[in-house]
Amino acid sequence: MADAPAPDHQTAQDRPPASTSNNASAEGTTDAAAPGGRIASFRDLLRIEELDRNLFRGHCHAGAPLRAFGGQVAAQALTAGGRTLTPDRAVHSLHGYFLRPGDPSRPIVYQVERIRDGLSYATRRVTAVQRGEAIFSLSASFKLPEKSAERQRTMPPVPDPEELPDPIQAWTGAGAGSGVAGEPTDVDETGGFHSLDLRFVPPDSPGLPPAVPGMPQQFVWLRSGSPLPPEDGLLHVCALTYLSDLTLAATTTLDRQPHRFQRNAPSRFTMASLDHAMWFHRPFRADDWLLFAQRSPSASDGRGLALGEFYNRSGELVASAVQEVLLRERRPAAAPPR
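Values in this document were obtained by computation on a predicted structure and should not be read as measured data.

1. A closer look at the confidence of the model for the chain
Moving on, step 1. When pLDDT is averaged across the chain, the result is 83; 77% of the residues are at 70 or more.
Moving on, step 2. Confidence over residues 1-37 falls short of pLDDT 50; this stretch has 120 contacts with residues more than four positions distant or in other chains.
Moving on, step 3. Confidence over residues 176-192 falls short of pLDDT 50; this stretch has 35 contacts with residues more than four positions distant or in other chains.

2. Structural notes on helix 1 (residues 70-82)
Side chains that are three or four residues apart share a direction in an α-helix, a result of its 3.6 residues per turn.
Moving on, step 1. Relative to the 18 Å expected for 13 residues at 1.5 Å per residue, helix 1 spans 18 Å between its end C-alpha atoms, a close match to the ideal helical length.
Moving on, step 2. Summarising burial for helix 1: 13 of the 13 residues are buried, a large majority.

3. Description of the nonpolar core
Moving on, step 1. Counting residues in each nonpolar core, the largest one holds 56 residues, and the members touching the most others are Tyr110 and Phe310.
Moving on, step 2. The element contributing the most residues to this core is helix 3 (residues 233-243), with eight residues.
Moving on, step 3. If sequence neighbours within four positions are ignored, Phe310 has contacts with Leu222, Leu240, Ser244, Met278, Leu290, Leu291, Phe292, Glu316, Leu317, Val318, Ala319 and Ala321.
Moving on, step 4. Residues Phe219, Trp221, Leu291 and Leu317 belong to the second largest nonpolar core, which totals twelve residues.

4. Section: the packing of helix 1 against helix 3
A pair of packed helices is captured by two measures, namely the crossing angle of their axes and the spacing between those axes.
Moving on, step 1. Where helix 1 contacts helix 3, the axes come no closer than 7 Å and their chain directions differ by 160°. Taken together, helix 1 and helix 3 sit at an angle that is classed as roughly antiparallel. Between helix 1 and helix 3 lies a crossing whose hand is right-handed. Counted together, Gly71, Gln72, Ala74, Ala75, Leu78, Thr79 and Gly82 of helix 1 and Leu234, Val237, Cys238, Thr241 and Tyr242 of helix 3 form the full contact between these two elements.
Moving on, step 2. Residue composition of the contact of helix 1 with helix 3, grouped by class: seven nonpolar, five polar and no charged.

5. Quick word on the environment of Arg313
Moving on, step 1. Tracing the sequence through the fold places Arg313 in the loop between strand 13 (303-311) and strand 14 (317-329).
Moving on, step 2. The partly exposed category is assigned to Arg313, whose relative accessible area is 41%.
Moving on, step 3. The spacing of Arg313 and Leu290 is 23 residues in sequence and 6.5 Å in space, taken between C-alpha atoms.
Moving on, step 4. What Arg313 contacts, discounting residues up to four positions off in sequence, is Asp160, Pro161, Glu162, Trp221 and Trp289.
Moving on, step 5. For Arg313, the side chain forms a polar contact with the side chain of Glu162, separated by 3.2 Å.

6. Some points on the pairing of strand 13
When a strand is regular, its side chains alternate between the sheet's two faces.
Moving on, step 1. Two strands pair when backbone bridges link them, and strand 12 (residues 290-300) and strand 13 are joined in this way by eight bridges, in the antiparallel orientation. Each residue of the ladder has a partner; that of Leu291, found in strand 13, is Tyr311.
Moving on, step 2. Once strand 12 ends, the chain turns through two residues before running back antiparallel as strand 13, passing Asp301 with a positive phi of about 55°.
Moving on, step 3. In the sheet, strand 13 pairs with strand 14 via nine bridges, with the strands oriented antiparallel. Its bridge partner being in strand 14, Gly304 is matched across the sheet by Val325.
Moving on, step 4. Connecting strand 13 to the antiparallel partner strand 14 that follows it, the hairpin turn spans five residues, and Gly315 within it adopts a positive phi of roughly 90°.

7. A closer look at the sheet that holds strand 6 (residues 108-117)
Moving on, step 1. Spatial ordering of the open sheet is given by 1-2-6-7-8-5-11-14-13-12-10-9, a layout of twelve strands whose pairing is antiparallel. Either end of the sheet is taken by a strand with one partner, and the two such strands are strand 1 (48-52) and strand 9 (196-200). For this sheet, the mean angle separating the axes of adjacent strands, direction not counted, is 25°.
Moving on, step 2. Bridge count for strand 6 against strand 7 (residues 121-130) is eight bridges, and the pairing is antiparallel. When the bridges of strand 7 are listed, Val112 appears paired with Val126.
Moving on, step 3. Contacts between helix 3 and the sheet are confined to strand 5 (90-98), strand 9, strand 10 (217-224), strand 11 (269-280), strand 12, strand 13 and strand 14, with strand 11 contributing the most and set at about 155° to the helix.

8. Regarding the pairing of strand 7
Moving on, step 1. Extensive coverage of strand 7 is indicated by the burial of seven of its ten residues.
Moving on, step 2. Hairpin remark: strand 6 followed by strand 7, antiparallel, with three residues in the connecting loop.
Moving on, step 3. As paired elements, strand 7 and strand 8 (residues 133-143) share ten bridges and run antiparallel to each other. Within strand 8, the residue paired with Val129 across the bridge is Ala134.
Moving on, step 4. The loop that links strand 7 with its antiparallel partner strand 8 comprises two residues; one of these, Arg131, has a positive phi angle of about 50°.

9. What about the side chain of His61?
Moving on, step 1. With respect to the helices and strands, His61 occurs in the loop between strand 2 (55-58) and strand 3 (62-64).
Moving on, step 2. The class of His61 is buried, set by a relative accessible area of 8%.
Moving on, step 3. Polar contacts involving the side chain of His61 include one to the side chain of Tyr242, which spans 2.8 Å.

10. Here we look at the pattern of salt bridges
Once the charged atoms of two side chains with opposite charge are near each other, the side chains can pair.
Moving on, step 1. All chains considered together, the criterion is met by 19 salt bridges.
Moving on, step 2. The salt bridge involving Arg131 is made with Asp103; its shortest N-O contact spans 3.0 Å. With Arg131 in the loop between strand 7 and strand 8 and Asp103 in the loop between strand 5 and strand 6, this pair connects stretches of sequence that are 28 residues apart.
Moving on, step 3. By relative accessible area, which is 55% here, Arg131 ends up exposed.
Moving on, step 4. A relative accessible area of 17% means that Asp103 is categorised as buried.
Moving on, step 5. Close ionic contact of Arg125 with Glu113 constitutes a salt bridge, the shortest N to O distance being 3.2 Å. Of this pair, Arg125 sits in strand 7 while Glu113 sits in strand 6, and the two are twelve residues apart along the sequence.
Moving on, step 6. Looking at Arg125, the relative accessible area reads 33%, which means it is partly exposed.

Thresholds, definitions, all that
Residues numbered from 1 in each chain as written. Predicted model: local features only at pLDDT ≥ 70, side-chain atom pairs only at ≥ 80, totals over all residues. Heavy atoms only, no water. pLDDT = per-residue confidence, 0-100. Contact = heavy atoms within 4.5 Å. Helix = DSSP H or I, 4+ residues; strand = E, 2+ residues; numbered from the N terminus. Expected span 1.5 Å × (residues − 1). Buried < 20%, exposed > 50% of the residue type's maximum accessible area, 1.4 Å probe, protein only. Core = buried A, V, L, I, M, F, W, Y, C linked by side-chain atoms within 4.5 Å. Axes fitted to C-alpha atoms, helices over the stretch in contact; angles between N-to-C directions. Parallel < 35°, antiparallel > 145°, perpendicular 65-115°, else oblique. Left-handed = near helix turned anticlockwise from the far one by under 90°. Nonpolar A, V, L, I, M, F, W, Y, C, P; charged D, E, K, R; others polar. Polar contact = N/O pair within 3.5 Å; in protein donor to acceptor, adjacent residues only side chain to side chain. Pairing = 2+ DSSP bridges. Salt bridge = Lys/Arg side-chain N within 4 Å of Asp/Glu carboxyl O.

Encoded structure:
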């Protein structure tokens, strides 16, 4: 989903030191939700219930009015697939298609197919179902770790997240979004995004790659807003899957409008995720700050393409993401008759 708000942050002082281990777990333990259905911690966003062998059930909050947040659907589907494997098989890639809008008021059933279990690699296909119809389809590949030669793209020099303002506080404090048709007047009206942090890097920051004509870009620091178990690698990968859908789609329209946290007017576009792919290159912690470097090289035929790379604080490239979104300019409302 595009332009998703994200309240309820923790400051760095509220957080314990993070460990560097990243062993994938098949269980993905979660906290209980707070009374009234409010998310108590980030782990609640990924909680699913095992109904039977290869069958799970979860609930997703809204990302847009009456639509489940796509990043959460993908993260829960990946959790379901990972729960059918032993912890030594880590996720290395996923490919998902959003087929129908999800209903946040109803549970989602995740059906897992065990496609292949090889000596090194394993493949799972997960179908998310509501009202007997598929709303999302995911293929994910898992593998045993191995040693090999390494190289990577260099992380661009950007300001540290501690130097940047919290966009949510500024946005809500200014009353942005109030009265904007089709957008929540308060970030809590979405029913989710209750435990994460993000910081937007100013586009004029020294050291950023120069802007390329026809390719808008943005750089965002993000992380879960509550600590995650250091030993549960599957949980961290699924958490990053959720986080990856917060700002990537909006990159496709940055040449035409600012991100929702930098504007007071309604969006000029209708946007919806069509597909989403990710590759996980190196171990990471989703509760540590990660830089999400994003760019959009193409928009045409009612579609926009966005690419993203995740770097940890040490400059390691830990994951990559690609998303295609439905992208249609909204027609101006007709003037009322006099």
